[in-house]
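# Descriptive structure summary
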Amino acid sequence: MTIAPALLVLLAHCLLLHRCMGSEAGGVFDHGRHGVSLTRVEALSRCGGGGRTSPSSPPGASTPPPKPLLVAAPCEAEEYPVLVFLHGYLVVNSFYSQLFQHVASHGFIVVAPQLYTISGPDTTEEISAAAAVISWLTGGGLSTSLPSGVRAEATKLSISGHSRGGKVAFALALGHAKLAVPLAALVAVDPVDGMGVGRQTPPPILTGKNHSLRVAAPAMVIGTGLGELPRGPLLPPCAPRGVSHAEFYGELNRGGAAACHMVARDYGHTDMMDDDTPGARGMLTRAICRSGGAREPMRRFVGGATVAFLKKWVGGDGEALDGIRARPEQAPVALSVVEFLGDEAVVAQIA
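An unreviewed UniProt entry annotates the protein as Chlorophyllase of Urochloa decumbens.

Below, the structure is given as structure tokens:
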């Protein structure tokens, strides 16, 4: 059987188009190729008890972390960059375990400290606690909590945070606490700086002035379209307009490092969390904040966008991020904003 030349050309064109469409975002919205381990690491007790280590462990490995951790890591023996993720207000780090596993499956170690159990409005202690965790892990403390042969490339350390944790991540990137290593990248997921304009929690991060935040690391701000809307007439929005994602991105210094802003139009402030968030706190994540429904699409989007950004600015591979920029419809959620600055001028603003 022979195939007409025109048909061969058409088949070749379709194959090329399929490859381009499949590789633009690098499959970042799907689970990656790595198996993932999820480990809890207990904190240093007030009594000063120390952990066990082997003679070959690096300095600091015998000391438990200053805060309890949830660590997601690839199972395959190799060295991987580290992402520190800071949880939102009054929730627990395990509520993001599916998100952590998504990111780790693409070749990153995710370290998520439980910064507090109960906290007031002031975030100063959280900033210091997060900095202490970073000092601990860059000193080799993480080594005994990883799968055999897996090593943390602590000099390539990025930070992320959700809601109030996004504010704390920004605070660290802005130098509110001294860090042991420079940050490679910053990813803020629907960050929030208080209850509204004039009602910021201390220390305030937003200044009310465009381009006033001088962040040295490349920064990505992910927002939600429903976060600024109340769940009901008696409930305030979980990410109030004026102190959330648009303001954090708008205040990034345009002459600094590269930045991007993406907004999931039809999803809410907690929609990137696990499908099952147990207990009273878990119930509140669904009862207080307006939601777009099933969490899986938003979780895949946040995980994939984070992976693409880290691959670009930590790993030097921009294919996935460039693919999202070129064809944002690839994302598993509808995006109302896709904007890039610094690396190449503003690329797109989607209505």
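Turning our eyes to something else, we now look at the pattern of salt bridges. A complete count under the given rule lists 10 salt bridges for this structure. One salt bridge in this structure joins R164 and E126, with 2.2 Å as the shortest N-O distance. Taken as a pair, R164 in helix α4 (residues 164-173) and E126 in helix α3 (residues 124-138) lie far apart in primary sequence, 38 residues in all. Note on R164: relative accessible area 6%, which makes it buried. Across the pair R327 and E329 runs a salt bridge whose closest N-O atoms are separated by 3.2 Å. A relative accessible area of 54% means that E329 is categorised as exposed. Bridged by salt links that share partners, the residues D30, E296 and R300 form one connected network.

Turning to the sheet that holds strand β8 (residues 259-264), a few remarks are in order. The 9 strands lie next to each other as β1-β2-β4-β3-β5-β6-β7-β8-β9, forming an open sheet whose pairing is mixed. One side of each edge strand has no neighbouring strand; the edge strands of this open sheet are β1 (36-41) and β9 (335-341). Averaged over all adjacent pairs, the angle separating strand axes in this sheet is 15°, with direction ignored. Bridge analysis of β8 against β9 gives 6 bridges, and the strand direction is antiparallel. Residue pairing across strands places V263 opposite V337, the latter belonging to β9.

Relative orientation of the contacting elements helix α7 (residues 296-313) and helix α8 (residues 319-326) amounts to 125°, with a least axis distance of 7 Å. Compared by their axis directions, α7 and α8 come out oblique. Residue-level inspection shows A305, A308, F309, K312 and W313 of α7 in contact with α8, the latter providing A320, L321, D322 and I324. Of the residues that constitute the contact of α7 with α8, the class distribution is 7 nonpolar, no polar and 2 charged.

On to the layout of surface pockets, then. It is the rolling of a water-molecule-sized probe over the atoms that shows where space remains empty. Here the largest pocket defines a volume of roughly 610 Å³. In terms of lining, the largest pocket is formed by 25 residues, of which the most central are Y89, S163, C238, I288 and C289. In terms of residue class, the lining of the largest pocket is built from 15 nonpolar, 8 polar and 2 charged. Each pocket or cavity is described by its volume, and for the second largest pocket that value is around 180 Å³. The wall of the second largest pocket is formed by 14 residues, among which P81, H106, G107, F108 and K311 lie closest to the centre. Within the residue set of the lining of the second largest pocket, elements represented by two or more residues are β3 (79-86) and α7.

Bringing the confidence of the model for the protein into the picture now. Model confidence for the protein is summarised by a mean pLDDT of 88, while 85% of its residues fall at 70 or above. Contacts for the low-pLDDT stretch residues 345-351, under 50 throughout, to residues beyond four places or in other chains number 17 contacts.

Right, let's get into unusual backbone geometry. The omega torsion of the bond from P202 to P203 falls at -10°, within 30 degrees of zero and hence cis. Tracing the backbone shows P203 in the loop between β6 (186-189) and β7 (219-224). Positive phi outside glycine occurs at S163, with the angle close to 60°. Residue position: S163 is located in the loop between β5 (151-162) and α4. By relative accessible area, which is 9% here, S163 ends up buried. The backbone phi angle of D190 is positive, close to 45°, even though this residue is not glycine.

Each value, and the rule that gives it
- Residues numbered from 1 in each chain as written.
- Predicted model: local features only at pLDDT ≥ 70, side-chain atom pairs only at ≥ 80, totals over all residues.
- Heavy atoms only, no water.
- Salt bridge = Lys/Arg side-chain N within 4 Å of Asp/Glu carboxyl O.
- Helix = DSSP H or I, 4+ residues; strand = E, 2+ residues; numbered from the N terminus.
- Buried < 20%, exposed > 50% of the residue type's maximum accessible area, 1.4 Å probe, protein only.
- Pairing = 2+ DSSP bridges.
- Axes fitted to C-alpha atoms, helices over the stretch in contact; angles between N-to-C directions.
- Parallel < 35°, antiparallel > 145°, perpendicular 65-115°, else oblique.
- Contact = heavy atoms within 4.5 Å.
- Nonpolar A, V, L, I, M, F, W, Y, C, P; charged D, E, K, R; others polar.
- 1 Å grid on protein atoms, 1.4 Å probe; cavity = no way out; pocket = protein on both sides within 12 Å on 5 of 7 lines; lining within 4 Å.
- Points joined across faces, edges and corners; volume = space filled by probe spheres on them.
- pLDDT = per-residue confidence, 0-100.

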